[in-house]
Amino acid sequence: MSIAGNLAKIRERIGAAAAVSGRQGEDITLIAVTKTVDADRIRQAVDAGVTEIGENYIQNALLKYPSIGNAVKWHMIGHLQTNKVRQAVPIFDLIQSVDSLRLAEEIGKRSLAAEKVMPVLIEVNISGEESKFGVSKKDVERLCEAVASVPGIKLSGLMGIAPLGAGDADIRRSFAELKSLWDRLPDENRRWLSMGMTSDFEAAIEEGSNMVRIGTAIFGPRS
Ligand SMILES: *Cc1c(COP(=O)(O)O)cnc(C)c1O
């Protein structure tokens, strides 16, 4: 199946899942996750209508940026080290992986220096697995309050990754928990709820996600 064919199928599935929660496919933003995907295949996806891409590593994003540029919006979805923020700020349109005040402050400082305001999401460790990045559920509210007042950034919602290999019920419960944390944010910070990947995006949308991050179902398995 071609990238365009995969995208058409995914759009159909997104539309069906959105209808379950009383919304339309257009209400859900699709991020094509392009880690390990080269610039040629990213361009095929762009030709097929992709407008937003997600990268996990700043180094890989920097390599692809010259040939893709502003044809799409760039989302940072991987762990971001404070010492890489300076390089990330010029490229990315939304940083989804903020999990500390220190990181938020660095993004704000570098964004102000670049005369931009960077929208950010707080990454929540909804699975509770120790190996995962993200702020713990009990600390979300406090971190959001602190991050919301950092100059140079705009707190715009939450991001989470379901527990790996968990059953459907546990996955749904973790999505529902993230949705209820998101519901408690002030209006001006409650723009994006980024949850759902290839294996679970329909469940995520049915539980209230409005932004899904899909790699494998668009580009095939990663080597
Ligand atoms: C890789 C990745 C995805 C996409 O995963 P697929 O299962 O290939 O759809 C989504 N979100 C994050 C944070 C990722 O690292």
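The shown structure was predicted, so the numbers you read here are calculated from the model rather than taken from an experiment.

Procedures and definitions
- Residues numbered from 1 in each chain as written.
- Predicted model: local features only at pLDDT ≥ 70, side-chain atom pairs only at ≥ 80, totals over all residues.
- Heavy atoms only, no water.
- Helix = DSSP H or I, 4+ residues; strand = E, 2+ residues; numbered from the N terminus.
- Contact = heavy atoms within 4.5 Å.
- Salt bridge = Lys/Arg side-chain N within 4 Å of Asp/Glu carboxyl O.
- Buried < 20%, exposed > 50% of the residue type's maximum accessible area, 1.4 Å probe, protein only.
- Pairing = 2+ DSSP bridges.
- Right-handed = clockwise from strand over helix to strand, strands pointing away.

1. So, the side chain of K64
Next, step 1: You can see K64 is positioned in helix 3 (residues 58-68).
Next, step 2: For K64, the residues in contact, after removing those within four places along its chain, are T34, K35, T36, V37, I42, E55 and W74.

2. Focus: the pattern of salt bridges
Next, step 1: The final tally for this structure, using the stated rule, is 14 salt bridges.
Next, step 2: Of the charged contacts in the structure, one is a salt bridge between R13 and E202, with a shortest N-O distance of 2.9 Å. With R13 in helix 1 (residues 3-20) and E202 in helix 8 (residues 201-206), this residue pair connects regions lying 189 residues apart in the sequence.
Next, step 3: The exposure class assigned to R13 is partly exposed, which follows from its relative accessible area of 32%.
Next, step 4: A salt bridge links R172 to E206; the shortest N-O distance between them is 3.0 Å.

3. Remarks on the pairing of strand 6 (residues 153-160)
Next, step 1: Within strand 6, seven of the eight residues are buried, which leaves it mostly tucked inside the rest of the structure.
Next, step 2: Strand direction decides the pairing type here: strand 5 (residues 118-124) and strand 6, joined by six bridges, are parallel. Note that in strand 6 the partner of V124 across the bridge is G160.
Next, step 3: In this fold, the crossover linking strand 5 to strand 6 by way of helix 6 (residues 140-148) has right-handed handedness.
Next, step 4: Across three bridges, strand 6 lies against strand 7 (residues 192-194) in parallel orientation. Across the sheet, G157 pairs through a bridge with W192, a residue of strand 7.

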